[in-house]
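Coordinate inspection notes
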Amino acid sequence: DGGITQSPKYLFRKEGQNVTLSCEQNLNHDAMYWYRQDPGQGLRLIYYSQIVNDFQKGDIAEGYSVSREKKESFPLTVTSAQKNPTAFYLCASSRRGESEQFFGPGTRLTVL
Amino acid sequence: EDQVTQSPEALRLQEGESSSLNCSYTVSGLRGLFWYRQDPGKGPEFLFTLYSAGEEKEKERLKATLTKKESFLHITAPKPEDSATYLCAVQGYSGNTPLVFGKGTRLSVIA
């Protein structure tokens with residue numbers, strides 16, 4: 001089945017540690033996105049990539065980094081510079097030239 | 001700056017009691033308006049895309065409509081399994097802009 005996978009589902013880290021969240025898709029989509037969702041809030045865009053080896057900052061990129069070395073993969077690193085990293089992180093993808101985004105199941109990150 | 005406002009924040013319905021959710025938007029040229037359903041602890045599930053005023057789309061008990069300033073998600077005779085948060089998002093024509101999401105409406109349908 002085609003889809004988007006995110007791992008792990010739950011992640012716990014100590015304050016000051018970097019952590020990398022995985023996102024893989026087998027939909028052959030060109031564009032991929034990372035969002036953050038806090039309780040009672042909408043989705044806020046962290047980074048997006050419309051093609052391999054290229055990505056752009058979203059509204060809340062500070063304290064995060066990404067890479068796009070393969071079409072299928074778009075990992076997100078939450079660095080120690082991110083002041084409030086505990087949140088639900090969602091990855092999405094879309095076809096080139098189309099706006100509909102399809103989401104993965106999410107990773108809940110808790111920083112202790 | 002593109003903006004999306006959803007109302008109400010939360011809505012509680014009896015099973016079979018029809019109602020509507022509102023999504024008001026401001027955007028510099030609408031490329032598309034999107035509705036998603038999100039269950040607790042899960043990723044959003046795509047429902048509809050609307051492109052122009054007057055357009056309507058239906059799926060089971062849901063019907064989405066679009067005007068130049070807002071969209072409605074009508075829920076006819078809802079069932080408990082329709083309970084979820086419904087998210088609205090817009091994309092404008094300014095550059096290659098990603099989607100801008102509202103905060104969602106949390107719907108509870110009571111049997």
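Everything in this summary refers to the structure shown in the same document. (Residues numbered from 1 in each chain as written. Chains lettered and ligands numbered in written order. Predicted model: local features only at pLDDT ≥ 70, side-chain atom pairs only at ≥ 80, totals over all residues. Heavy atoms only, no water.)

Here's the deal with the overall build of chain B
From N to C terminus, chain B includes 0 helices and 11 strands. Along the chain direction, N to C, the helices and strands of chain B fall in the order β-β-β-β-β-β-β-β-β-β-β. Taking 13 Å as the expected radius of gyration for a compact globule of 111 residues, we find that chain B reaches 14 Å, a close match to that expectation. Taken along the three principal axes of its C-alpha coordinates, chain B extends 45 × 30 × 20 Å. Every one of the 111 residues in chain B was classed for burial, and the buried ones make up 44%. Of all intrachain contacts in chain B linking residues separated by at least 6 positions in sequence, the fraction that spans at least 24 positions is 54%. Summing over all exposed atoms, chain B offers an accessible surface of approximately 5500 Å²; the carbon and sulfur share of this is 47%. Positive and negative side-chain charges in chain B, numbering 13 and 14 respectively, have mean positions lying 2 Å apart. (Helix = DSSP H or I, 4+ residues; strand = E, 2+ residues; numbered from the N terminus. Rg over C-alpha atoms; globule rule 2.2 N^0.38 Å. Buried < 20%, exposed > 50% of the residue type's maximum accessible area, 1.4 Å probe, protein only. Contact = heavy atoms within 4.5 Å. Areas by Shrake-Rupley, 256 points an atom, 1.4 Å probe, with all protein chains shown as cover. Lys, Arg positive; Asp, Glu negative; His and termini not counted. Charge placed at Lys NZ, Arg CZ, Asp CG, Glu CD.)

Details of the interface of chain B and chain A
Tallying the contact residues gives 19 residues for chain B and 22 residues for chain A. Between chain B and chain A the total buried area reaches about 1500 Å² when both faces are included, carbon and sulfur atoms providing 53% of it. A per-residue breakdown of the area chain B buries against chain A is headed by Pro98, Phe101 and Lys103 of chain B, which together make up 29% of the total. Joining chain B to chain A, the criterion identifies 0 salt bridges. Inspection of the region where chain B meets chain A yields 5 residue pairs in polar contact (both at pLDDT 80 or more). For the side of chain B that touches chain A, the elements supplying multiple residues, two or more each, are strand 4 (30-38), strand 5 (45-50) and strand 9 (84-92) of chain B. (Buried area = accessible area lost by both parts, 1.4 Å probe. Salt bridge = Lys/Arg side-chain N within 4 Å of Asp/Glu carboxyl O. Polar contact = N/O pair within 3.5 Å; in protein donor to acceptor, adjacent residues only side chain to side chain.)

A few points about the side chain of Thr65 of chain B
Residues and elements named next belong to chain B. The residue Thr65 is located in strand 7 (residues 62-66) in this model. Polar side-chain contacts of Thr65 include one of 3.4 Å to the side chain of His74. Residue contacts for Thr65: discarding those within four places in its chain leaves Leu50, Glu55, Glu56, Glu70, Ser71, Phe72 and His74.

Looking at the sheet that holds strand 3 (residues 19-26) of chain B
All names here are of chain B. Pairing is antiparallel in the open sheet, where 5 strands are placed in the order 1-3-8-7-6. Two strands in the sheet have a free side with no partner beyond their single neighbour: strand 1 (3-7) and strand 6 (56-59). Each strand axis lies, on average, 15° off the axis of its neighbour in the sheet, ignoring direction. For strand 1 and strand 3, the ladder comprises 5 bridges, and the chain directions are antiparallel. (Pairing = 2+ DSSP bridges. Axes fitted to C-alpha atoms, helices over the stretch in contact; angles between N-to-C directions.)

Section: the state of the cysteines
What we call a disulfide is simply a covalent bond connecting the sulfur atoms of a pair of cysteines. All told, the structure shown has 2 disulfides over all chains when counted by the stated rule. Between the sulfur atoms of Cys23 of chain A and its disulfide partner Cys91 of chain A the distance amounts to 1.9 Å. The disulfide joining Cys23 of chain A to Cys91 of chain A has a torsion of about -75° about its S-S bond and is therefore left-handed. Here the residue Cys23 of chain A occupies a position in strand 3 (residues 19-25), and Cys91 of chain A occupies one in strand 9 (residues 87-94), the gap between them amounting to 68 residues. Taking the relative accessible area as the measure of exposure, Cys23 of chain A reaches 1% and is therefore buried. Taking relative accessible area as the criterion, Cys91 of chain A reaches 0% and is therefore assigned buried. With its sulfur 2.0 Å from that of its partner, Cys23 of chain B forms a disulfide with Cys88 of chain B. (Disulfide = S-S within 2.5 Å.)

Some thoughts on the pattern of salt bridges
Residues and elements named next belong to chain A. Counted according to the given criterion, the structure contains 7 salt bridges over all chains. For the salt bridge of Asp38 with Arg36, the shortest nitrogen-to-oxygen distance reads 2.9 Å. Asp38 serves as the salt-bridge partner of Arg44, at 2.7 Å between the closest nitrogen and oxygen. Under the relative-accessibility criterion, Arg44 is labelled partly exposed at 36%.

Fair warning: the whole summary comes from geometry, so function is off the table for now.
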